[in-house]
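Residue strings, one per chain:
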Amino acid sequence: MAVLSIIPLAADVQLGIWKIEEPVTTLLKRFPHLEKTVESYHSIERKRQKLAVYALLYAMTGKQDVWISHDMNGKPLLENYQISISDTHGFAAIILSKSRIVAVDIEYMSDRVSRIVSRFLRSDESANKVEEQLIHWSAKETAFKFYSSQHLQYSEMRLHPFTATAHGRVEVDNLKAGTVLAVNYVVTSDFVLTYALEE
């Protein structure tokens, strides 16, 4: 198993992170019933990510008969749970709750984000360091998922000023709805992870 952590965030909320190290063949030996689920993916990396998501989900729930579907907005659905899923190069993350809206995003640590910063950073936001840029990007991805039915654009979300640390919380304005979402973040040498849960 490659579970990095399964963390209880509240009485009914848990966050799981999986480091994707296993080849597809190893994961399929463990979960052979998922072969048809991944056969449509041509990319080996996408197959590994999909299998890792299910492996992590099984580790978090203790059930191998759970199945993820999606609504018309692409939001993942899981019977008896609120769920949000994210994967990136080498990692997968899931946040689960039986009663609260939840959202998660994970991005691997890389300066590639600096090349696309104009796509997601507003003129009234500031992010000079790679870590700050990744927190902006990831927090907006988390807010997008949290408000999935609103189809927010990056320009419709604005982070309040913050100083990046190893872990913390940022506030994200939903300018479309006039609300504010608290988004937690974790910065490691390998990834930036952000998550939100309904208060």
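What counts and how
Numbering of residues begins from 1 in every chain and follows the order in which that chain's sequence is written. Selection of residues for local features in this predicted model requires a pLDDT of at least 70, selection of side-chain atom pairs for listing and counting requires 80 or more, and totals for whole chains, interfaces and linings are taken over all residues. Side-chain measures were taken over the full set of non-hydrogen atoms in the model, leaving aside hydrogen atoms and water. Strands are runs of DSSP state E lasting at least 2 residues, helices are runs of H or I lasting at least 4, and numbering of each runs from the N terminus. Computation of the radius of gyration draws on C-alpha atoms alone. For the globule rule, the value is 2.2 Å times the number of residues to the power 0.38. Summary of the burial criterion: residues with accessible area below 20% of their type's maximum are buried, those above 50% are exposed, and those between are partly exposed, where the area comes from a 1.4 Å probe applied to protein chains only. Every residue pair with non-hydrogen atoms within 4.5 Å of one another is taken to be in contact. Pairs were defined over the aromatic rings of Phe, Tyr and Trp, the Trp ring being its six-membered one, requiring ring centres within 6.5 Å. Orientation was assigned from the angle between planes: stacked under 30 degrees, edge-to-face over 60, tilted for the rest. Any Lys NZ or Arg CZ that is within 6 Å of a ring centre and within 35 degrees of that ring's normal is treated as a charge sitting over the ring. Two strands pair under a simple rule: DSSP has to find at least two bridges between them. Every angle, taken between N-to-C directions, lies between 0 and 180 degrees, and every axis is a line fitted to C-alpha atoms, over only the stretch in contact when it is a helix. Every helix has an expected span of 1.5 Å times one less than the residues it contains. In protein, a polar contact means a hydrogen-donor-capable atom and an acceptor-capable atom, both N or O and within 3.5 Å, with residues adjacent in sequence counting only if both atoms are side-chain atoms; elsewhere, any N or O pair within 3.5 Å suffices.

This next bit is on the overall build of the chain. What the chain contains, in helices and strands, is five helices and eleven strands. Rg of the C-alpha trace for the chain: 17 Å, near the compact-globule value of 16 Å for 199 residues, within the 12% margin. Taken along the three principal axes of its C-alpha coordinates, the chain extends 50 × 35 × 30 Å. Looking at the chain as a whole, 49% of its 199 residues are labelled buried. Excluding contacts between residues fewer than 6 apart, the proportion of contacts in the chain whose partners are at least 24 apart in sequence is 50%.

So, on to the packing of aromatic side chains. Inspection of the entire model under this criterion finds eight aromatic pairs. Considering the side-chain rings of Phe-120 and Tyr-154, the 6.2 Å spacing of their centres and the 65° angle between planes classify their relative orientation as edge-to-face. Of the two residues, Phe-120 sits in helix H4 (residues 117-120) while Tyr-154 sits in the loop between helix H5 (130-146) and strand S8 (157-159), which places them 34 residues apart along the sequence. Between Phe-146 and Tyr-147 the ring centres are 5.2 Å apart and the planes differ by 80°, which places this aromatic pair in the edge-to-face class. Connected via pairs of aromatic rings, a cluster forms that spans Phe-31, Tyr-54, Tyr-58 and Trp-67. Its guanidinium or amino end placed over the ring of Tyr-108, Arg-112 lies 4.0 Å from that ring's centre, counting from NZ or CZ.

Right, let's talk about unusual backbone geometry for a bit. One can expect most non-glycine residues to show negative phi and most peptide bonds to be in trans. In this structure, Asn-80 takes a positive phi of about 70° despite not being glycine. On the basis of relative accessible area, Asn-80 is assigned to the exposed category, the value being 56%. Residues other than glycine seldom take positive phi values, yet His-151 does so here, at roughly 50°. Of the residues examined, His-151 reaches a relative accessible area of 41% and is grouped as partly exposed.

It is worth spelling out the sheet that holds strand S9 (residues 167-174) at this point. Pairing within the open sheet is antiparallel, and its five strands lie in the order S7-S11-S10-S9-S8. This sheet does not close on itself; its edge strands, each paired only once, are strand S7 (102-108) and S8. The mean inter-strand angle of the sheet, taken between neighbouring strand axes irrespective of direction, is 25°. As defined by bridge partners, strand S10 (residues 179-187) adjoins strand S11 (residues 191-197) across four bridges and the pair is classed as antiparallel. Counted as the bridge partner of Val-186 is Leu-193 from S11. Each of S7, S8, S9, S10 and S11 is contacted by H5, which is oriented at about 150° to S7, the strand it contacts most.

With that settled, the discussion passes to helix H3 (residues 44-61). Along an α-helix, a turn takes 3.6 residues, which lines up residues three or four apart on a common side. Compared with an ideal rise of 1.5 Å per residue, which puts 18 residues at 26 Å, H3 spans 26 Å between its outermost C-alpha atoms and is within 8% of the ideal. Counting buried residues along H3, 14 of its 18 residues qualify, which places the element largely inside the surrounding structure. One side-chain oxygen of the residue at the start of H3 lies 3.2 Å from the amide nitrogen of Glu-45, identifying that residue as Ser-43.

Pairing is antiparallel in the open sheet, where four strands are placed in the order S1-S2-S6-S5. Each end of this open sheet is capped by a strand with a single partner; those strands are strand S1 (3-10) and strand S5 (82-88). Taking the axes of each pair of neighbouring strands and ignoring which way they run, one obtains an average angle of 10° across the sheet. In the sheet, S5 pairs with strand S6 (residues 91-97) via seven bridges, with the strands oriented antiparallel. Bridging across to S6, Gln-82 finds its partner in Ser-97. Lying over the sheet, H3 contacts S1, strand S2 (13-19), S5 and S6, oriented at roughly 35° with respect to S6.

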